[in-house]
Amino acid sequence: EVVPQGGGKPVVIGENIRDSFFAFDARMLPDGLYRLTVTASDYPGNEAREALTGERVLPCFEIDNTPPLVEMTGISSDTLKFRVSDNTGINAARVSRDGERWDPVESDTGTFAAPSDTYTVKIMPGDNWIVFQAADSYGNVSTKAWIAKN
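Everything quoted here is computed from the prediction, not taken from an experiment.

Leaving glycine aside, a negative phi is the common case for residues, and trans is the common case for peptide bonds. With a phi close to 55°, Asp98 is a non-glycine residue in the positive phi region. By relative accessible area, Asp98 is classed as partly exposed at 24%. Despite not being glycine, Ala113 shows a phi value in the positive range, around 65°. With respect to the element layout, Ala113 can be found in the loop between strand 8 (102-104) and strand 9 (116-122).

Below, the structure is given as structure tokens:
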């Protein structure tokens, strides 16, 4: 079962599992800290009085399914300004011009994994569109696009 850190009703995410592994889709849970309790029993193969049951509470883990918030905050003749924010930190930013390869973009402050930062992207001659993408430390991604006006 999974229990939200700080209290809440436990949610059973699997029962009577006979495999030696178990995986679940974390997208079914809201963002937050959780504690997982694993209970194992050999009751199915033993008499009730001989059956053993064990329980282990695992360390807390975080679930983050929310992508960063990307806002275009400024447009000039030669630059685009973006503000990115995310509660777990910004792990990467990159830009693609006219559908070409992705190139990394450094934040204006030069920091890494900040919860909020700004990015400046130069508009190059001949750029028809620019796609800016930011990812958080859990791999959630958001994009914003700019298209040149004719």
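This part covers the pattern of salt bridges. For the coordinates displayed, the defined rule picks out 6 salt bridges. The partner of Asp108 in a salt bridge is Lys81, and the shortest N-O contact between them spans 3.7 Å. Of this pair, Asp108 sits in the loop between strand 8 and strand 9 while Lys81 sits in strand 6 (residues 79-85), and the two are 27 residues apart along the sequence. Given the relative accessible area of 37%, Asp108 is considered partly exposed. Here Lys81 falls in the partly exposed class, since its relative accessible area comes to 36%. With a shortest N-O distance of 3.0 Å, Arg101 and Asp103 are connected by a salt bridge.

Before going further, it helps to spend a moment on the sheet that holds strand 5 (residues 69-75). On the basis of which strands lie adjacent, the open sheet formed by 3 strands has the order 5-6-9 and antiparallel pairing. The sheet is open, and its two borders are formed by strand 5 and strand 9, each paired with just one other strand. Adjacent strand axes in the sheet meet at a mean angle of 25° when their direction is disregarded. For strand 6 and strand 9, the ladder comprises 7 bridges, and the chain directions are antiparallel. Bridge pairing in strand 9 links Lys81 to Thr120.

The rules behind each value
Residues numbered from 1 in each chain as written. Predicted model: local features only at pLDDT ≥ 70, side-chain atom pairs only at ≥ 80, totals over all residues. Heavy atoms only, no water. Buried < 20%, exposed > 50% of the residue type's maximum accessible area, 1.4 Å probe, protein only. Helix = DSSP H or I, 4+ residues; strand = E, 2+ residues; numbered from the N terminus. Salt bridge = Lys/Arg side-chain N within 4 Å of Asp/Glu carboxyl O. Pairing = 2+ DSSP bridges. Axes fitted to C-alpha atoms, helices over the stretch in contact; angles between N-to-C directions.

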